[in-house]
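Chain and residue survey
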Amino acid sequence: MKVSFRLNGGQVDVDVRSDALLVDLLRGLGLTGTKETCGVGSCGVCTVLVGSDPVSSCLYLAGCADSADVWTVEGLTDLEPALVDAFVQHEGMQCGMCTPGAEVAAYALRGQMPSAETDEVRTFMSGNLCRCTGYASILAAVKAYLDAP
Ligand code: FES
Ligand code: FES
C-alpha cells in the first residue's frame, strides 16, 4: 500500500506492506534515532509524534500514518536545540537507548502542558522507561527544557 505523510517537515511517499510498523519504516528511511526494545508498547523507547500526540511506533501501523504529520527525535532536536541541551546539561542519559523517546515525550509535554509541575511531568513521562540513569536526572532535564525560553 502507498503511504504519504509529512516526516520531520518533509513529504514522504512510500510503498509499505499492510502490516508494516511505523518504527521499521522510520528506521528503514535512515531515522535510526527511533529505537525499539520491548516491541509491545511497554517502554516508550520508540516514541514518535503523530500530530501532537506521542505514540509507540512499535505498535503503530505505518499505513495509519497516511496523511499524518510525523516527527522523530531527529526532526524535533533540529527544531528545538534546547531539548538536547537540557538532557546534556542534566546528564539525562547513560546508554542513550531511552533518550530519543524521552525527548520526544518531553517535546509533546511542552506542547500540551508547558507549565507542568513535577508530579505532572512524572505522570506524563511514566510511559518512558529508563534502565540506566534513574529518573532524577531525566526529570531535571525535562523540567529545565520546560523552563527554557
Ligand atoms: S519498543 Fe515500543 S514501547 Fe517499547
Ligand atoms: S539511558 Fe540507558 S535506558 Fe535510559
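Since the model is a prediction, treat every value here as computed from it, not as a measurement.

1. Side note on the environment of Thr99
Here Thr99 shows up in helix 4 (residues 99–112). We classify Thr99 as buried; its relative accessible area is 8%. Once residues within four sequence positions are removed from consideration, Thr99 is found in contact with Phe87, Gly92 and Met93.

2. Side note on the domain arrangement of the chain
You can read the domains of the chain as domain 1 (2–74) and domain 2 (80–147). For domain 1 and domain 2, the distance between their C-alpha centroids amounts to 20 Å. Across the boundary between the two partners, domain 1 contributes 16 residues, which contact 15 residues of domain 2. Summed over the three residues of domain 1 that lose the most area to domain 2, namely Cys43, Val45 and Val73, the buried surface amounts to 34% of that side.

3. Focus on the packing of aromatic side chains
With the rule as written, the count across this model stands at zero aromatic pairs. The ring centre of Tyr145 lies 4.7 Å from the NZ or CZ of Arg110, which sits over that ring.

4. What about the sheet that holds strand 2 (residues 10–15)?
Strand order in this open sheet of five strands is 2-1-5-3-4, and the pairing throughout is mixed. Looking along the sheet, the strands with just one partner apiece sit at the ends: strand 2 and strand 4 (53–56). For this sheet the average axis-to-axis angle between neighbouring strands, irrespective of direction, equals 40°. Sheet topology note: the strand 1 (residues 2–7)/strand 2 ladder contains six bridges and is antiparallel. Counterpart to Arg6 in the pairing with strand 2 is Gln11.

5. Quick look at the side chain of Thr72
As for its position among the elements, Thr72 is in the loop between strand 5 (69–71) and helix 2 (73–79). Look at Thr72 and you get buried, because its relative accessible area is 0%. Setting aside anything within four residues of it in sequence, one finds Thr72 in contact with Leu7, Asn8, Leu26, Leu31, Thr34, Val48 and Val104.

6. Let's talk about the environment of Leu29
Mapped onto the secondary structure, Leu29 falls in the loop between helix 1 (22–28) and strand 3 (47–50). In this structure Leu29 comes out as partly exposed when scored by relative accessible area, which is 38%. Counting along the chain gives 58 residues from Leu29 to Phe87, while the straight-line C-alpha distance between them is 26 Å.

Cut-off values and rules
Residues numbered from 1 in each chain as written. Chains lettered and ligands numbered in written order. Predicted model: local features only at pLDDT ≥ 70, side-chain atom pairs only at ≥ 80, totals over all residues. Heavy atoms only, no water. Helix = DSSP H or I, 4+ residues; strand = E, 2+ residues; numbered from the N terminus. Buried < 20%, exposed > 50% of the residue type's maximum accessible area, 1.4 Å probe, protein only. Contact = heavy atoms within 4.5 Å. Domains from an automatic or database assignment. Buried area = accessible area lost by both parts, 1.4 Å probe. Phe/Tyr/Trp six-rings, centres within 6.5 Å; stacked < 30°, edge-to-face > 60°. Lys NZ or Arg CZ within 6 Å of the ring centre and 35° of its normal. Pairing = 2+ DSSP bridges. Axes fitted to C-alpha atoms, helices over the stretch in contact; angles between N-to-C directions.

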